[in-house]
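Each chain, written out:
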Amino acid sequence: MITIHERRFVLSTKENTLLLRVNEADKLVCDHYGRRIEESDLEACAIPAGMPAGRQVIYDETKSKKISLGMIAAEYGTPYKGDYLSPMLDLTSDKGRVYDFVFVEAKIRPMEPMIGYPTPRGASEELVVLTRDEKMGAELELHYVVYEDADVIGKFAVLRNTGEEDFTIRKIMSSQFCLQDAGYTIHGNYGNWAGEFQRNETLIGHYRYEFGSDTGSSGDQHNPFFMIKRTHSTLTTGSVYGFNLIYSGSHRAIVEMDSFGMIRVQQGISPQGFEKVLHPNEEFMTPMAVLTYTHNGLNGICDHFHRFVNDHVIPENFAYKPRPIAFNNWEGTYMKFNEGKLKSLAKTAAEIGCELFVLDDGWFGHRDDETSSLGDWNLYKKKLPHGIEGIAAYVHKLGMKFGLWFEPEAISPDSDLAREHPDWAIQDGVHDPSLGRYQQILDLTKPEVRDFIVEAVAQHLRTGVIDFVKWDYNRTFSDLPQSGSFCHDYILGLYDVVGRLTKEFPDVLFENCASGGGRNDLGMFSYFPQGWVSDDTDAFERAKMQMEMAFGYPPSVMSNHVSAKTNHQMLRKTSFGTKFDVAAIGVLGYEMNLNDADPIDIKEFKNQIEFYKANRETLQFGTYRLLDVFENGRQIVEMADKDRALVSYMNYLQNPHPGNETLPLTGLDPEAVYTYHVRPEVHSFKTFGSLINQVTPIHIKEEGALVNMLSRRRGLDAEGLHGEATGSTLNSGALQIGRQWAGTGYDESTRIMLDFGARIYVFERKK
Ligand code: DGJ
């Protein structure tokens, strides 16, 4: 809800209040953003102007002798009038570079879709604060959108040229927000290919911190999502602010603490190289930044942002719609496949219970490796003599949906498209363009290129045999043309393309992919309901990435696959059980040569999928809570709904002196009784090496033929936990789960986890 009290504006969500005020100098400031306050107490919350400190510039003595722009909790900042912190806007024109916007009026009005950008649905109204610099002929509108149930505030800005001369935008951020009091830490992420979403924590000192992406996409280096938390906050307690940007291009977050301990936080389009001339009567709109606050620690941020993404960002027809279990052929075959191979994989995939078969890279042009054919979206007949329709019909007959891989924004120099349209790839026209993965990127600022991409994909979708599209994007920008807004215009072009395709094919499920998680952001999730988290399918690495990503994004957007036992990215070996226990948190899939699997593995996959189907709603849409973190030697994640909780436990390193362990469950119905059990898992005999001889009547040679043969058919139970307890006892964290293997014996309470091993515990409300 939004209310206006003369020069004060109160924006309330379920738990929070954002309190804005126009101060004596006619500048918009933030008096409070945090837990809800009473509307009768607005005066008590007003930040006093105080006395100007030391050498501060007094902004306008006629209005107030106390106000210096460098010291107020400003909602927008421009330079050269006494504010020396990072400016939200940097403008120049022939007239000069001092732009001084003052309050004109504020209105509450119905929320309209933003022009050119994806707009989260479900906000009824917005507050629009108009400010103006009469002398420079410029207006700045600050927009505040309330997503009440999710406790999220959306912020964006519109800059308008109301004068008679051009001016140039060198920087324009979507949001500026000031936090009082020191003692905060930035909790963000860093990463790269096959290692996205690594935790990145920095205690905020008196510096300016800038992070983001200048790669042309939101990137895997620093996702636009980050948090600022009270340094002593925990998973469940303490003040935490969450930030994200509904944008898929180069972006920047700026966090700066002044000498008085005030922290200014900005989010928006990266100013690196950005330059946009605004002619008279033109306007520029920024993408929307989103902010949330919780006093319930990091899990509180998960709660707010998960609801926000599921309820307001994901396309409505896919919100809470169960996502299918995929089989993807990539790590199973890479580009070395033919119709026969695909068919036999599809057959096994259907047998184990997969619901979707995705044909990945290599089905078009003459693509046998990475060096050719991107842009030539016609069939590679040698591999698929019966066409896409042929393989799709086979898959459909097996009862699965059919999905196809595209990388529509890319172009290989060795392609008919490049030969026909040498000017369609991004290039500066001066230098030889640099390649990435042997390819270039199409210039989506050109309308004819956008039309080509839409048609190239749509011609396949119009056959009606494709139910799913994996949309890949495998390199970063280089060789930018001269236009200072090129990167931004590209993203608007991309939104045009994906907007047109998802509108024409509303029932096709699109999976977002950029070499893994190179563009998993709220902009893309506004069109594509799920995203491939990373090309690293190792269970331990994946679990870490899922945890960091889950602070900002719900498991329903995270696609994860069970892959070969020896992981291709890490060469780390983990059991299929462990791989499943991690991949099941979110959208499950399988990606390996299934036809190499042993009978015992096939049986295990069938059990896993049966388990997943029975618990899918909870695993995709349940309430996510992180119960423990790797620093404590284990990562525990709970997904819960009204009837059950599923707890995924990932062990770090095997400990020679394991202690007793409890499960710190939370959120169960205290009045209810729950039965609990561990999802049955077996360990291969090979796990025990020559130790197995202690329990076998005949001698078994480690890694010998006999143990290999036995391991293909049978294994040893990994753990036997089961029982019954009340929700209140379970919530109190008193459930004992038994000690881990310590090398001194084995009984049914022993938990054999191993290095990087995982497990799922199931709690079901008793009827
Ligand atoms: C990168 C993706 O992340 C992989 O899953 C796979 O689709 C390859 N591209 C194909 O080139």
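Now for a quick tour of the structure. This one's a predicted model, so the numbers in the text were calculated from it and none came from an experiment.

### Examining the overall build of the chain
Alright, step 1. The helix and strand inventory of the chain stands at 14 helices and 40 strands.
Alright, step 2. Seen along its three principal axes, the alpha-carbon backbone of the chain occupies a region of about 95 × 65 × 40 Å.
Alright, step 3. For the chain, restricting intrachain contacts to residue pairs at least 6 apart in sequence, the fraction spanning at least 24 positions comes to 71%.
Alright, step 4. Accessible surface for the chain amounts to roughly 29300 Å². Of this, 50% is attributable to carbon and sulfur atoms.
Alright, step 5. Taking the average place of the 79 positive charges on the side chains of the chain and the average place of its 107 negative ones, the gap between the two points comes to 4 Å.

### Quick word on the site of the ligand
Alright, step 1. In the region of the ligand, 13 residues are neighbours, and Asp-360, Asp-361, Lys-470, Asp-472 and Asp-535 sit closest.
Alright, step 2. One nitrogen or oxygen atom from the main chain of Gly-516 is found 3.1 Å from an oxygen atom belonging to the ligand.
Alright, step 3. For the ligand, an oxygen atom lies 2.4 Å from a polar atom in the side chain of Asp-535.
Alright, step 4. Out of a free accessible area of 300 Å², the ligand has 98% covered by protein chains.
Alright, step 5. The residue inventory of the shell around the ligand, partitioned by class, reads four nonpolar, three polar and six charged.

### Some thoughts on a nonpolar patch on the surface
Alright, step 1. A grouping of Ile-698, Leu-706, Met-709 and Leu-710 is seen on the molecular surface, where their side chains present a nonpolar patch of about 330 Å² in accessible area.
Alright, step 2. One can find Leu-706 in helix H13 (residues 705-711).
Alright, step 3. Residue Leu-706 is classed as partly exposed on the basis of its relative accessible area, which comes to 33%.

### Comments concerning the side chain of Gln-440
Alright, step 1. Relative to the helices and strands, Gln-440 resides in strand E25 (residues 440-441).
Alright, step 2. The exposure class assigned to Gln-440 is buried, which follows from its relative accessible area of 11%.
Alright, step 3. Excluding residues that lie within four positions of it along the chain, Gln-440 makes contacts with Glu-409, Ala-410, Ile-411, Pro-413, Ala-425, Ile-426, Pro-433, Leu-435 and Arg-475.

### Some thoughts on the pairing of strand E31 (residues 623-628)
Alright, step 1. Judged by how many residues are buried, E31 sits mostly within the fold: five of six residues are covered.
Alright, step 2. Connecting E31 to the antiparallel partner strand E32 (residues 634-640) that follows it, the hairpin turn spans five residues, and Gly-633 within it adopts a positive phi of roughly 90 degrees.

### So, the pattern of salt bridges
Alright, step 1. Following the criterion strictly, the structure yields 60 salt bridges and no others.
Alright, step 2. Asp-303 is paired through a salt bridge with Arg-307; the nearest N and O atoms lie 3.1 Å apart. Here Arg-307 and Asp-303 lie together in helix H2 (residues 297-313), a separation of four residues that amounts to about one turn.
Alright, step 3. Two residues, Glu-351 and Lys-347, come together in a salt bridge whose shortest N-O distance is 3.8 Å. Of this pair, Glu-351 and Lys-347 are both found in helix H4 (residues 339-352), four residues apart, which corresponds to roughly one turn of the helix.
Alright, step 4. We classify Lys-347 as partly exposed; its relative accessible area is 44%.
Alright, step 5. Through salt bridges with shared partners, a single network forms among Asp-581, Asp-628, Arg-634, Glu-661, Arg-679, Glu-681, Glu-719, Arg-751 and Arg-759.

### Examining the packing of H4 against helix H5 (residues 387-397)
Alright, step 1. With their axes 10 Å apart at the nearest point, H4 and H5 run at an angle of 20 degrees to one another. Our classification of the angle between H4 and H5 gives roughly parallel. In this structure, H4 crosses over H5, and the sense of that crossing is right-handed. Within the contact between the two elements, H4 uses Leu-342, Lys-343, Ala-346 and Lys-347 and H5 uses Ile-391, Tyr-394 and Val-395.
Alright, step 2. Residues of the contact of H4 with H5, tallied by class, amount to five nonpolar, no polar and two charged.

### Structural notes on unusual backbone geometry
Alright, step 1. In this model, Asn-281 sits at a positive phi of 70 degrees, which is unusual for a non-glycine residue.
Alright, step 2. As for its placement among the helices and strands, Asn-281 is situated in the loop between strand E18 (276-278) and strand E19 (283-285).
Alright, step 3. We classify Asn-281 as exposed; its relative accessible area is 72%.
Alright, step 4. Positive phi is not limited to glycine here, since Arg-437 has a value of about 50 degrees.
Alright, step 5. Within the secondary structure, Arg-437 is located in the loop between helix H6 (416-420) and E25.

### Description of the sheet that holds strand E29 (residues 558-563)
Either a parallel or an antiparallel arrangement is found when strands of a sheet pair, and the pairing is made through backbone hydrogen bonds.
Alright, step 1. One closed barrel holds the eight strands; their spatial order is E21-E22-E23-E26-E27-E28-E29-E30, and the pairing between them is parallel. The mean inter-strand angle of the sheet, taken between neighbouring strand axes irrespective of direction, is 30 degrees.
Alright, step 2. As paired elements, strand E21 (residues 326-328) and strand E30 (residues 587-591) share two bridges and run parallel to each other. Looking at the pairing, Phe-327 lines up with Tyr-590 of E30.

### What to know about the packing of aromatic side chains
Alright, step 1. Taken as a whole and judged by the stated rule, the model has 45 aromatic pairs.
Alright, step 2. Ring centres of Trp-330 and Tyr-334 lie 4.9 Å apart, and the angle between their planes is 80 degrees; on these two criteria the pair is classed as edge-to-face.
Alright, step 3. Classification of Trp-330 by relative accessible area gives buried; the value is 17%.
Alright, step 4. Their ring planes at 65 degrees and their centres at 6.0 Å tell us that Phe-630 and Tyr-652 sit as a pair that is edge-to-face. A residue pair is termed long-range when its members are at least 10 positions apart, and Phe-630 in the loop between E31 and E32 and Tyr-652 in the loop between strand E33 (644-651) and strand E34 (662-663) qualify at 22 residues.
Alright, step 5. You can call Tyr-652 partly exposed: its relative accessible area is 35%.

Cut-offs and rules
- Residues numbered from 1 in each chain as written.
- Predicted model: local features only at pLDDT ≥ 70, side-chain atom pairs only at ≥ 80, totals over all residues.
- Heavy atoms only, no water.
- Helix = DSSP H or I, 4+ residues; strand = E, 2+ residues; numbered from the N terminus.
- Contact = heavy atoms within 4.5 Å.
- Areas by Shrake-Rupley, 256 points an atom, 1.4 Å probe, with all protein chains shown as cover.
- Lys, Arg positive; Asp, Glu negative; His and termini not counted.
- Charge placed at Lys NZ, Arg CZ, Asp CG, Glu CD.
- Near = heavy atom within 4 Å.
- Polar contact = N/O pair within 3.5 Å; in protein donor to acceptor, adjacent residues only side chain to side chain.
- Nonpolar A, V, L, I, M, F, W, Y, C, P; charged D, E, K, R; others polar.
- Patch = residues over 30% accessible without salt bridge, like charges linked within 9 Å, V, L, I, M, F, W, Y side chains within 5 Å.
- Salt bridge = Lys/Arg side-chain N within 4 Å of Asp/Glu carboxyl O.
- Buried < 20%, exposed > 50% of the residue type's maximum accessible area, 1.4 Å probe, protein only.
- Pairing = 2+ DSSP bridges.
- Axes fitted to C-alpha atoms, helices over the stretch in contact; angles between N-to-C directions.
- Parallel < 35°, antiparallel > 145°, perpendicular 65-115°, else oblique.
- Left-handed = near helix turned anticlockwise from the far one by under 90°.
- Phe/Tyr/Trp six-rings, centres within 6.5 Å; stacked < 30°, edge-to-face > 60°.

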